[in-house]
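Spelled out, the chains give:
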2 protein chains.
Amino acid sequence: MSSPGRSTRPVVRAHDDVLGYLLKHAHLALEERTDAALAPFGITSRDLGALRVIAGGGARSQQDVAGVLGVDRTSMVALLDVLERAGVLARRPSEQDRRRNVVELTDTGRELFFQAERAALTVEQDFTSALGANGASELRGALRAMLAATAH
Amino acid sequence: MSSPGRSTRPVVRAHDDVLGYLLKHAHLALEERTDAALAPFGITSRDLGALRVIAGGGARSQQDVAGVLGVDRTSMVALLDVLERAGVLARRPSEQDRRRNVVELTDTGRELFFQAERAALTVEQDFTSALGANGASELRGALRAMLAATAH
DNA sequence: TTTCAATCATCAGTACCACTGACGATCAGA
DNA sequence: TCTGATCGTCAGTGGTACTGATGATTGAAA
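What comes next concerns the included structure. (Residues numbered from 1 in each chain as written. Chains lettered and ligands numbered in written order. Predicted model: local features only at pLDDT ≥ 70, side-chain atom pairs only at ≥ 80, totals over all residues.)

Mapping chain B onto chain A leaves a residual RMSD of 0.0 Å; the transformation is a rotation of 180° accompanied by 0.0 Å of translation along its axis. Interpreted geometrically, this transformation is the action of a two-fold axis. Take the interface residues of chain B: 100% of them recur as interface residues in chain A, which is what a same-surface contact looks like. (Least-squares fit on C-alpha atoms with pLDDT ≥ 70 in both. Contact = placed C-beta atoms within 7 Å.)

Next up on the list: the interface of chain B and chain A. The extent of an interface is frequently quoted as the accessible surface area lost upon association of the parts. Counting residues at the interface gives 49 residues for chain B and 49 residues for chain A. Looking at which element gives the most residues to the side of chain B that touches chain A, the answer is helix 1 (residues 19–38) of chain B, with 14 residues. (Helix = DSSP H or I, 4+ residues; strand = E, 2+ residues; numbered from the N terminus.)

Moving on: the protein's contact with DNA strand D. Inspection of the region around DNA strand D gives 17 residues, with Ser75(A), Arg98(A), Ser61(B), Gln62(B) and Gln63(B) positioned closest. It is helix 4 (residues 73–85) of chain B that contributes the most residues to the surface near DNA strand D, three residues altogether. When the residues that make up the surface near DNA strand D are grouped by side-chain class, the tally is two nonpolar, seven polar and eight charged. (Near = placed C-beta within 6 Å. Nonpolar A, V, L, I, M, F, W, Y, C, P; charged D, E, K, R; others polar.)

Surveying the vicinity of DNA strand C reveals 17 residues, the closest of which are Ser61(A), Gln62(A), Gln63(A), Ser75(B) and Arg98(B). Secondary-structure elements contributing two or more residues to the surface near DNA strand C are helix 3 (62–69) and helix 4 (73–85) of chain A together with helix 4 of chain B. The greatest single-element share of the surface near DNA strand C, amounting to three residues, is contributed by helix 4 of chain A. Residues that form the surface near DNA strand C fall into these classes: two nonpolar, seven polar and eight charged.

Put simply, helix 1 (residues 19–38) of chain A and helix 6 (residues 132–150) of chain B touch, their axes get as near as 10 Å, and they point 40° apart. Judged by the angle between their axes, helix 1 of chain A and helix 6 of chain B are oblique. At the point where helix 1 of chain A passes helix 6 of chain B, the crossing takes the left-handed sense. The segment helix 1 of chain A lies against helix 6 of chain B, with Leu19(A), Leu22(A), Leu23(A), His25(A), Ala26(A) and Ala29(A) engaging Arg140(B), Leu143(B), Arg144(B), Met146(B), Leu147(B) and Thr150(B). Residue composition of the contact of helix 1 of chain A with helix 6 of chain B, grouped by class: eight nonpolar, two polar and two charged. (Axes fitted to C-alpha atoms, helices over the stretch in contact; angles between N-to-C directions. Parallel < 35°, antiparallel > 145°, perpendicular 65-115°, else oblique. Left-handed = near helix turned anticlockwise from the far one by under 90°.)

Let us now look at the nonpolar core. Within the largest apolar cluster, 71 residues are counted, with the highest numbers of intra-cluster contacts made by Leu23(A), Ile54(A), Val65(A), Leu23(B), Ile54(B) and Val65(B). Top element by residues in this core is helix 1 of chain A. It accounts for eight residues. With sequence-adjacent residues up to four places away left out, Val65(A) is seen in contact with Ala50(A), Val53(A), Ile54(A), Ala59(A), Met76(A) and Val103(A). (Core = buried A, V, L, I, M, F, W, Y, C linked by C-beta atoms within 7 Å. Buried ≥ 20, exposed ≤ 12 C-beta atoms within 10 Å, placed from the backbone.)

Take the environment of Met146(B) next. The topology assignment puts Met146(B) in helix 6. The sequence separation of Met146(B) and Arg85(B) amounts to 61 residues, and the corresponding C-alpha distance is 38 Å. Once you skip the residues sitting within four places of it in the chain, Met146(B) turns out to touch Ala26(A), Phe127(A), Thr128(A), Ala130(A) and Leu131(A).

Look at helix 1 of chain A against helix 1 of chain B: their axes get within 9 Å of each other, and the N-to-C directions meet at 145°. Remark: the crossing between helix 1 of chain A and helix 1 of chain B carries left-handed chirality. Residues Leu19(A), Gly20(A), Leu23(A), Lys24(A), Ala26(A), His27(A), Leu30(A), Glu31(A) and Thr34(A) of helix 1 of chain A pack against Leu19(B), Gly20(B), Leu23(B), Lys24(B), Ala26(B), His27(B), Leu30(B), Glu31(B) and Thr34(B) of helix 1 of chain B. The residue makeup of the contact of helix 1 of chain A with helix 1 of chain B, split by class, is eight nonpolar, six polar and four charged.

Attention shifts here to the environment of Glu31(A). Relative to the helices and strands, Glu31(A) resides in helix 1. Spatially, the C-alpha atom of Glu31(A) lies 21 Å from that of His15(A), the residues being 16 residues apart in sequence. The residues touching Glu31(A), leaving out its near neighbours within four places in the chain, are Ser45(A) and Gly20(B).

Here it is, written out as structure tokens:
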């Protein structure tokens, strides 16, 4: 058997045994394909994430949107600027707290969102097709469980 | 039942139903914890990835290392500069092809790598502890399968 | 009421990384 | 020898994270 104690050295892992590598590259590959599918709509996967949160209606301010997406609050300004200039969404000061901007989709934006979300969903399903029907939901469940367990 | 056809609109998904969101945030959370555990060693998870590939011995050049990690070749220059200046690795021109740099760990670097890899492994195991013993390997398998299926 | 700390959106500045395009050195083949 | 390709390097650009500051606004204490 192998010798115990502090001199025990781990075997050199292959790069695709490393969870961080797998998560990073899976994310990048999916994002690349999603961005390609979203290009005809003139938005990125980053934009779609913002539209999704806004369409969900739970966000009460720009910072809520940024917080959910893990985007910096200062980056969110420019991100929403572009989408607002494109007529996809509108900002208006909150009536409850006029420091806040309430962000809402325009009719055009809502239609764009549904079409883009559909395209993104197709990419996801194709991306996970190697896992089978259960595999994809099990993968989501595992990722959710890890995030929930490590939420600080 | 729901109406079919092009007017069928998808329900607005919660952000944590979106695979891209889950992959991104799982990656970021793991990287954050890994970087914290690696800080005493004076390296980042990015550095450890490079050391791992180099320790594996399969890489024949800087660009091989960059290619495996998905790091840009021009970024690899500065990354290795730092590690070389720290005495962790050494570059020497290949004897077979003197355009290439062969990158090798120093004795110091090898010891550092084993200790850092051990710390990173502990973080990974803790990160996946919510999944159980089989869950973690199933997660790796699922991610590997997706990457293999979508390799271009 | 007045004052004051906190919050929100914004902007300026810095840092890091991906990416492009160039360069000299080197290699392989015509 | 000449030519095209490859490798490491460097400069420049663009996008994003992060810090810190600002003005407007809020809520609560004095």
